[in-house]
Amino acid sequence: MSFNAKLASIFDRMAAMLELTGADRFRVNAHAKAARVIKDSTSDLEPIARDVKALTALDGIGKGTAAKIAEFAQTGTIAEHDELAAKVPSGVLDLLDIQGLGPKTVKLLWDDKQVESIADLKGIIEDGSILTLPRMGEKTVENIKESIAFRESSGQRLPIGVAMPIAEALVGRMKELPGVSDCTFAGSLRRGKESIGDIDILITTTDPEAARAAFCEHGSVIKVLARGEHKSSVRLSLEGLEGRFGGDANAAVQADLRIVPEEAWGAALMYFTGSKEHNVRLRERALSEGMTLNEYGLFPEDKSDATPPQDRGVKPVAAKTEESIYKALGLAYIAPTLREDRGELSSAAPPPGKCIEIADIKAELHSHTTASDGDMSIEESAAIAKERGFHTLAITDHSKSSAVANGLSPDRLREHIKAVRAADRSIDGITLLAGSEVDILVDGTLDYDDDLLAELDVVVASPHAGLKAKPAQATKRLLRAIAHPMVHIIGHPTGRLIERRPGLEPAMDELIAAAIEHDVALEINAHWMRLDLRDTHVRAAVEAGCKIAIDCDVHQSGDYDNLRYGIMTAQRGWLTPELCVNAWPKKKLHDWLRSKR
């Protein structure tokens with residue numbers, strides 16, 4: 001684990017322990033924010049960790065946080081963390097991972113029943129003593145029991161590529177019901193996060209009971225957790241999908257349906273999309289403008305009455321659409337993928353419509369055919385790329401060291417180049433380029449000699465082995481590949497697999513600087529199992545002016561559809577078309593590719 005990862009984990013734990021010990025909200029939020037800033041940093045903080053002045057120069061790091069980082073660098077621990085850990089058993093923190101148990105309930109269990117682990121919780125459920133606690137009825141306890149079982153069997157996060165089709169199928173089913181005027185998914189899925197914990201569905205309908213029945217009674221439901229007037233919750237079976245993300249045979253995901261008033265649709269959609277941090281900023285802005293914002297709308301503020309304005313019949317300033325609420329707050333519309341409290345409310349944010357869109361992509365520069373481990377011929381892949389309106393497709397089959405992927409020996413690659421050139425001559429309407437996804441070996445050298453690389457139109461250099469290297473070693477390895485004069489793109493730079501493999505942890509700021517110096521593009525691999533570069537890396541690259549490639553890493557026809565996940569990741573990093581090589585006109589792209597030959 002990298003220095004940053006260790007440090008972020010400590011601040012996360014401190015935030016949780018402060019909340020459990022009753023600390024004020026400001027201290028809790030300060031530590032949670034510090035964890036997020038450290039986690040999102042693309043710079044390795046270790047070299048400057050003892051320099052409080054250098055640390056406070058970073059956005060979001062105050063003097064108190066900087067002092068604790070310096071303490072960790074010097075001693076390997078933070079005294080405040082150790083003091084809190086002496087008060088809060090580690091098992092108590094585990095209880096926060098159980099669906100339905102918030103900090104207040106966990107504190108109640110700990111204080112009144114000495115519950116210090118999940119095993120302790122199971123014990124008081126088994127002997128019935130949990131029922132003596134306030135607000136602990138039999139139904140609530142049964143739900144907690146189910147949540148424990150869910151966590152122990154399959155309570156992992158789902159990659160976006162598994163969750164999105166499930167959510168879209170749910171929305172499609174609900175939209176077919178009579179009386180439904182709108183239905184969509186919200187939450188972190190709508191924001192395009194790489195993985196999600198549950199699926200949030202919002203609906204507005206004139207027949208709420210039909211909506212509840214359709215949601216709670218369809219064939220994928222294995223457990224109804226709640227069936228209320230405004231909210232229903234179910235567990236959906238993932239049978240048949242578990243192999244896609246490493247789940248077990250009992251894999252499941254929780255889905256929530258919220259029935260909202262049509263007149264408050266926009267406010268509810270904004271609220272339940274989040275992020276929590278973005279919503280806090282919006283509420284603060286509303287208060288500064290003499291208004292109050294909640295899931296029912298943006299209302300005139302009345303400090304003399306604590307009753308919620310919607311319960312007093314107050315007419316909202318805006319509520320029906322998200323756009324109207326942003327406008328009433330004096331803001332341009334902010335796309336869901338940007339709503340992470342990373343400066344999107346400032347003038348530095350990209351204007352509406354300026355972030356890259358699927359329609360901007362005109363080239364695929366990372367694809368595999370039956371020559372290595374792909375399922376399609378050159379001609380079959382070209383037909384799909386042409387149909388999608390691409391002007392260029394690079395065929396980049398694996399290099400010789402990727403034996404498991406049927407990597408091409410030098411002689412096979414030379415024959416493959418000829419085949420690509422022949423296909424290019426015979427297929428009208430799209431240009432086919434001969435390339436290779438060349439392994440970056442553990443010492444940073446490439447898998448083919450320079451004479452062979454010079455014959456290629458496109459070189460995508462990628463790490464596939466040695467993915468547990470220490471950060472300094474990983475950085476040195478990738479920097480050497482970036483500096484190679486014939487490399488165009490660094491493919492999936494960390495080699496991570498979401499929820500499966502962390503991959504390399506290089507100093508991304510150094511890689512970005514080197515990529516700019518050597519005119520190399522860093523790739524967002526759009527496959528939902530990778531999304532590598534990740535969003536925070538993209539943001540750092542964009543701010544530095546680094547070129548980005550968004551590639552589907554095509555192996556089969558359906559992989560072209562993964563482009564949307566790469567685009568959402570790019571949007572989360574504020575990428576505009578100007579910096580994305582796949583969005584360039586044909587001449588500009590080809591001139592850049594030839595400039596490295």
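Data block above holds the structure.
Residues numbered from 1 in each chain as written. Predicted model: local features only at pLDDT ≥ 70, side-chain atom pairs only at ≥ 80, totals over all residues. Heavy atoms only, no water.

Describing the packing of aromatic side chains
Counting across every chain of the model gives five aromatic pairs. When the ring of Phe 3 is compared with that of Phe 72, the centres are 5.5 Å apart and the planes differ by 50°; the resulting orientation is tilted. Taken together, the residues span a long stretch of sequence, with Phe 3 in helix α1 (residues 3-20) and Phe 72 in helix α4 (residues 63-75) at a distance of 69 residues. For the pair shown, Phe 3 and Phe 72 are each scored as buried. Look at Tyr 271 and Phe 272: their rings are 4.9 Å apart centre to centre, the planes differ by 85°, and that puts the pair in the edge-to-face class. According to the relative accessible area criterion, Tyr 271 is partly exposed, its value standing at 35%. A relative accessible area of 17% places Phe 272 in the buried class. (Phe/Tyr/Trp six-rings, centres within 6.5 Å; stacked < 30°, edge-to-face > 60°. Helix = DSSP H or I, 4+ residues; strand = E, 2+ residues; numbered from the N terminus. Buried < 20%, exposed > 50% of the residue type's maximum accessible area, 1.4 Å probe, protein only.)

Details of the sheet that holds strand β13 (residues 458-462)
Spatial strand order, β10-β11-β12-β13-β14-β15-β16: seven strands in an open sheet with parallel pairing. Two strands bound the open sheet, and with one partner strand each, they are β10 (363-364) and β16 (548-551). Against the sheet, helix α23 (residues 563-572) contacts β15 (521-525) and β16, and its axis sits at roughly 150° relative to β16. On the sheet, helix α24 (residues 586-595) packs against β10, β11 (392-398), β12 (431-439), β13, β14 (489-490) and β15 and is oriented at approximately 40° with respect to β12. (Pairing = 2+ DSSP bridges. Contact = heavy atoms within 4.5 Å. Axes fitted to C-alpha atoms, helices over the stretch in contact; angles between N-to-C directions.)

Quick word on helix α7 (residues 103-113)
An α-helix turns once per 3.6 residues; consequently, residues spaced three or four apart project the same way. For α7, the complete set of buried residues consists of Val 106, Leu 108, Leu 109 and Trp 110. As for α7, its buried residues are in contact with α1, α5 (79-87), α6 (90-95) and α8 (118-126). At the C-terminal side of α7, Gln 114 shows a positive phi close to 55°.

Description of helix α15 (residues 276-288)
In this model, α15 (13 residues) spans 18 Å end to end at C-alpha, consistent with the 18 Å of a helix rising 1.5 Å per residue. His 278, Asn 279, Leu 282 and Ala 286 are the residues of α15 that are buried. Take α15 and look down its axis: the buried residues cluster within an arc of 95°, on one side only. For α15, the exposed residues set more than 90 degrees away from the buried face come down to Lys 276 and Ser 288. Where α15 is buried, its residues meet α14 (265-273), β8 (291-294), β9 (297-300) and α16 (322-328). Of the residues trailing α15, Gly 290 is marked for its positive phi of about 80°. (Expected span 1.5 Å × (residues − 1). Arc of directions from axis to C-beta.)

Considerations on the nonpolar core
Among soluble globular proteins, nonpolar side chains are generally buried collectively. Of all hydrophobic cores here, the largest spans 65 residues; its most connected members are Ile 356, Leu 432, Ile 490, Leu 522, Ile 550 and Leu 575. The element contributing the most residues to this core is helix α21 (residues 508-517), with five residues. The contacts of Ile 356, once residues within four sequence positions are left out, are Ile 361, Ile 550, Ile 567, Ala 570, Gln 571, Leu 575, Thr 576, Pro 577, Cys 580 and Ala 583. The next biggest cluster of nonpolar side chains, apart from the first, holds 45 residues, and it includes Ile 10, Ile 98, Leu 121 and Ile 124. (Core = buried A, V, L, I, M, F, W, Y, C linked by side-chain atoms within 4.5 Å.)

Some points on a negative patch on the surface
Where like charges cluster on the molecular surface, the negative patch consists of Asp 44, Glu 46, Asp 509 and Glu 510. For Asp 509, the position within the fold is in helix α21. (Patch = residues over 30% accessible without salt bridge, like charges linked within 9 Å, V, L, I, M, F, W, Y side chains within 5 Å. Areas by Shrake-Rupley, 256 points an atom, 1.4 Å probe, with all protein chains shown as cover. Salt bridge = Lys/Arg side-chain N within 4 Å of Asp/Glu carboxyl O. Lys, Arg positive; Asp, Glu negative; His and termini not counted. Charge placed at Lys NZ, Arg CZ, Asp CG, Glu CD.)

Some details on the environment of Ile 325
One can find Ile 325 in helix α16. Given a relative accessible area of 0%, Ile 325 falls into the buried group. Separated by 230 residues in the primary sequence, Ile 325 and His 555 have C-alpha atoms spaced 43 Å apart. If sequence neighbours within four positions are ignored, Ile 325 has contacts with Gly 266, Ala 267, Met 270, Leu 293, Leu 298, Ala 318 and Ala 319.

Note that every value here comes from positions in space, so none of it alone points to a role or purpose.
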